[in-house]
Amino acid sequence: MPHKVVAPFAFFRSHSNSFDLQESKKPSRRFSNSRPAPSDRSNSSSTSSLAVSEEVPRTFRMPDAHKRLSFPSIIHSPKGSSKSIPQVQSSKLEFVIESPPLVFYGPASSSTGALLSGQLKLNVHEEFMAIDSFTMRLALEVTRKKPFHAHCPECMHQSTDLTTWSFLQGPATLRKGQHDFPFSFLLPGHLPATMKGSLSSIDYVLKATMVPKNAEPIKISQILNLKRAIAPSEFPRHSIRIFPPTNLTANCELPPVIHPIGETTVSMRMDGVVKRNVEAKTQTQWKLKRLTWRLDETQKEISPACTKHAAKLGNVEDVKKGTPHQDTRTIGTDEIKSGWKADYSSPDGTIELEFPFSIRPDSHPVCDTKAEDGTEVSHVLVVEMIVAEEFAPIKKPTQVTPTGAARVLRMHFNITVTERAGLGISWDEEQPPLYENVPASPPAYGNAELYEGEPIPDYEELTPLDGAIEDAYSSTSSTRNDNGGEGSSRLSYSGASVRTAHSGSSAGLQ
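Peer 1: So, the overall build of the protein chain: which residues are in play, and what are the values?
Peer 2: Across its full length, the protein chain holds four helices and 23 strands. Split into buried and exposed, the 510 residues of the protein chain put 30% on the buried side. In the protein chain, 69% of the contacts between residues at least 6 apart in sequence involve partners at least 24 apart. Taken as a whole, the protein chain presents about 34800 Å² of accessible surface, with 53% of it coming from carbon and sulfur.

Encoded structure:
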């Protein structure tokens, strides 16, 4: 007797964990619109392979129809499978810098530059590798943080190639192993140093590109840190400031240069502090109340316009076309309320003081720079002193009475911030000295006379030493034999002693 075949999905467990196989006689309800009911919806990925029959009762439908079914036998490829697969490269590039740290010694006007040298190492992992081209370039990259046009990459980033290298003249095939390609370049001294400022940044980047014949190009880059060090002079700077209409005069002694790390001292002496009235037997004197100093850093730049936006500048004939920007910030400040010495008994009166100043460590200062494209960084030390006027008798200068008058004395000093030179020297001072007054030929002897005797034999014509000893021995033996006597003679040559003995016709060496 034939049996009735039940729908395949009737054997799946429902929400009530029931295994009832009775078939529902009621047809499934449909909504009036074309969209299926929420209970009939299923994932699009599963409906293509599994179709729920309308004859299956509602109690036997798949549980959690809104969830996707998982089949362990089917392997799904992840979205990022192409990135996760490791790419085995046929070669590897590596930079090896052999030169000392790149430092410009001296200001831009007199610096001789910095010498860059190193090797570019290529490791070939395959037996043979065909290469179409192998080049490298040294680029000066400038990034503007306030470009001429805010959303233009060309206005924001400018790159200039200082030099290029072509290691292969044409297509070539290299064997497996390491291949070294040396390079060197003299960086001109007028170039700006590497900087990270609030308006722009300057970087020097080495970029190498190798193009294999049957593979993607291999690229590598390395950023070079280029500094500038200005050697301080042997003597400190002296500056005089006058503050009319008073008689106050300030004599300041400043360091020639300062460094981002470290502390320096400023010495100051103020004259004309006392003004005496002999007839009234009184004097007026200035008393220093407070001293405040701060170190300001000013950055200037000109944001150039690219070829697309150059028309917005109009008819500007200046070479440096662009929009100027300026930013000033304080990188160090302090206030001093004591620590000076005042002398009001001298004819004019003096106030002597010293105060240290330094750059705040977290300020990230930028060394003094002046580039040809309009980028400039400078530093100014601002010193403010508050002095109050006092009245006192000449015979009793300690009995002072404030007059209520006060002044603010402000001074500005240009300060050079530079890196420390350390023990390094410029590349041109490392080579041996050159003497311009000495000719290429060896020096001549003024009192020398020409030799007119027998020609001097060559080295090959000289008699060997062994032959000379044998000749001397034979000549001595013949002389003794001719004399008919018995005796001995001693020959010395080069510290060696040879003794000959004659006894009749016999001879021996001792």
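Peer 1: Give me the lowdown on the pattern of salt bridges, citing residues and values where you can.
Peer 2: What the rule picks out here adds up to 14 salt bridges. The salt bridge partner of Arg360 is Asp362, with a shortest N-O separation of 2.9 Å. When its relative accessible area of 36% is taken as the criterion, Arg360 is described as partly exposed. Shared partners join several salt bridges into a network, and the residues in it are Arg294, Asp296, Glu384 and Arg410.

Peer 1: Quick rundown of the sheet that holds strand S16 (residues 341–343)? Include the residues and the values.
Peer 2: Strand-to-strand pairing in sheets goes through backbone hydrogen bonds, with the strands running parallel or antiparallel. Overall, antiparallel pairing links the five strands, which are arranged S10-S11-S12-S17-S16 in an open sheet. The open sheet is flanked by strand S10 (237–243) and S16, the only strands paired with a single partner. Going across the sheet, the axis of each strand differs from the next one's by a mean of 20°, ignoring polarity. By the bridge criterion, nine bridges tie strand S12 (residues 263–271) to strand S17 (residues 350–358) in an arrangement that is antiparallel.

Peer 1: So what's going on with the pairing of S10? Residues and values would help.
Peer 2: Pairing analysis gives seven bridges linking S10 to strand S11 (residues 248–254), with the strands arranged antiparallel. Following the sheet pairing, Ile242 is matched in S11 by Thr249. Where S10 folds back on S11, the antiparallel hairpin that results is connected by four residues.

Peer 1: I'd like a description of the environment of Leu353, backed by residues and values.
Peer 2: Within the secondary structure, Leu353 is located in strand S17. What makes Leu353 buried here is its relative accessible area of 7%. Considering only alpha carbons, one finds Leu353 and Ser267, 86 residues apart in sequence, at a separation of 6.2 Å. Discounting residues that sit within four places of it in the chain, Leu353 has contacts with Val266, Ser267, Met268, Leu288, Leu291 and Trp340.

Peer 1: Let's hear about unusual backbone geometry: which residues, and what values?
Peer 2: Excluding glycine, most residues fall at negative phi; most peptide bonds, likewise, are trans. Pro245 follows Pro244 through a cis peptide bond whose omega is 5°. Mapping Pro245 onto the fold places it in the loop between S10 and S11. The phi angle at Lys281 is positive, at roughly 55°, despite the residue not being glycine. Locating Lys281 in the fold gives a position in the loop between strand S13 (274–277) and strand S14 (282–304). Of the residues examined, Lys281 reaches a relative accessible area of 53% and is grouped as exposed.

Peer 1: Just give me the short version of the packing of aromatic side chains, but keep the residues and values in it.
Peer 2: Any aromatic ring pair is given by two values, namely how distant the centres are and how the planes are angled relative to each other. Evaluated as defined, the whole model comprises six aromatic pairs. An aromatic cluster of three or more residues is present, and its members are Phe95, Trp165 and Phe183.

Peer 1: Can you explain the nonpolar core? Please cite residues and give values.
Peer 2: With 36 residues, the main nonpolar core has Leu120, Leu122, Phe134, Met136 and Leu206 as its most contacted residues. The biggest single contributor to this core is strand S3 (residues 114–144), with 12 residues. Phe243, Val273, Phe355 and Met411 belong to the second largest nonpolar core, which has 34 residues in total.

Peer 1: Can you lay out a nonpolar patch on the surface for me, pointing to particular residues and giving the numbers?
Peer 2: Side chains of Leu115, Leu186 and Trp427 sit close together on the surface and give an oily, nonpolar patch of about 240 Å² of accessible area. Considering the arrangement of structural elements, one finds Leu186 in strand S5 (residues 172–187).

Peer 1: Describe the pairing of S17, naming the residues involved and giving the relevant values.
Peer 2: Burial along S17 is one-sided: Ile351, Leu353, Phe355 and Phe357 are buried, and none of Thr350, Glu352, Glu354, Pro356 and Ser358, which face the opposite way, are. Strand direction decides the pairing type here: S16 and S17, joined by three bridges, are antiparallel. Residue Lys341 lies in a different strand from S17, and its bridge partner there is Glu352. The hairpin formed by S16 and S17 contains six residues between the paired strands, and Gly349 there has a positive phi angle of roughly 80°.

Peer 1: Give me the lowdown on the confidence of the model for the protein chain, citing residues and values where you can.
Peer 2: Mean pLDDT for the protein chain: 77, with 69% of residues reaching 70 or above. Segment residues 1–60: pLDDT under 50, and 48 contacts once partners within four positions in sequence are set aside and those in other chains are kept. Confidence drops under a pLDDT of 50 for residues 77–86, and excluding neighbours within four residues, the segment shows one contact in the predicted structure.

About the cut-offs
Residues numbered from 1 in each chain as written. Predicted model: local features only at pLDDT ≥ 70, side-chain atom pairs only at ≥ 80, totals over all residues. Heavy atoms only, no water. Helix = DSSP H or I, 4+ residues; strand = E, 2+ residues; numbered from the N terminus. Buried < 20%, exposed > 50% of the residue type's maximum accessible area, 1.4 Å probe, protein only. Contact = heavy atoms within 4.5 Å. Areas by Shrake-Rupley, 256 points an atom, 1.4 Å probe, with all protein chains shown as cover. Salt bridge = Lys/Arg side-chain N within 4 Å of Asp/Glu carboxyl O. Pairing = 2+ DSSP bridges. Axes fitted to C-alpha atoms, helices over the stretch in contact; angles between N-to-C directions. Phe/Tyr/Trp six-rings, centres within 6.5 Å; stacked < 30°, edge-to-face > 60°. Core = buried A, V, L, I, M, F, W, Y, C linked by side-chain atoms within 4.5 Å. Patch = residues over 30% accessible without salt bridge, like charges linked within 9 Å, V, L, I, M, F, W, Y side chains within 5 Å. pLDDT = per-residue confidence, 0-100.

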